[in-house]
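Each chain, written out:
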Amino acid sequence: MISPSARGVWQEIDGHLRPFVARRLADPNDLGDVMQDVYVRIQSGLPSLRDAERFGPWVYRVARSALVDHGRSRQRQRLAVGEEVAGGLPGPTTDEDDS
């Protein structure tokens, strides 16, 4: 269970990060997924943070990195879908009987 003080810290971080991330997403439906990724990265990277005074800038760098990775993932998905569609379309047909 998370303590009330820790919950307050996470809520404050969320209040700053959520609008920051939302402004940089093409699809607002992706906000929850990207935020979850950001929080997982923060939680797993926290032990390696060397300078607690740099926590704020570090959190935004983590968010930017998650946004870049999300954009790359979306691009790969679009390319894969585009290739499937292009590969699955029948080519032009010629009906020699109509000549």
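Preceding this paragraph is the structure being described.
These figures come from a predicted structure and were not determined experimentally.

## With respect to the side chain of H70
Assignment of secondary structure puts H70 in helix 3 (residues 55–88). Taking relative accessible area as the criterion, H70 reaches 18% and is therefore assigned buried. A distance of 3.0 Å separates polar atoms of two side chains, one belonging to H70 and the other to D30. If we ignore the near neighbours within four places in the chain, the residues touching H70 are L25, D30 and V34.

## Looking at the pattern of salt bridges
Side-chain pairs of opposite charge can arise where the charged atoms are in close proximity. Scanning the model with the defined rule gives five salt bridges in all. We note a salt bridge from R18 to D14, for which the minimum N-O separation is 3.1 Å. With R18 and D14 both in helix 1 (residues 4–22), this residue pair falls four residues apart, about one helical turn. The class of R18 is partly exposed, set by a relative accessible area of 31%. A salt bridge links D30 to R74; the shortest N-O distance between them is 2.4 Å. You can see D30 sitting in the loop between helix 1 and helix 2 (31–45) and its partner R74 sitting in helix 3, a full 44 residues away along the chain. What you see here is one network of salt bridges that share partners, running through D37, R41, D69 and R72.

What counts and how
- Residues numbered from 1 in each chain as written.
- Predicted model: local features only at pLDDT ≥ 70, side-chain atom pairs only at ≥ 80, totals over all residues.
- Heavy atoms only, no water.
- Helix = DSSP H or I, 4+ residues; strand = E, 2+ residues; numbered from the N terminus.
- Buried < 20%, exposed > 50% of the residue type's maximum accessible area, 1.4 Å probe, protein only.
- Polar contact = N/O pair within 3.5 Å; in protein donor to acceptor, adjacent residues only side chain to side chain.
- Contact = heavy atoms within 4.5 Å.
- Salt bridge = Lys/Arg side-chain N within 4 Å of Asp/Glu carboxyl O.

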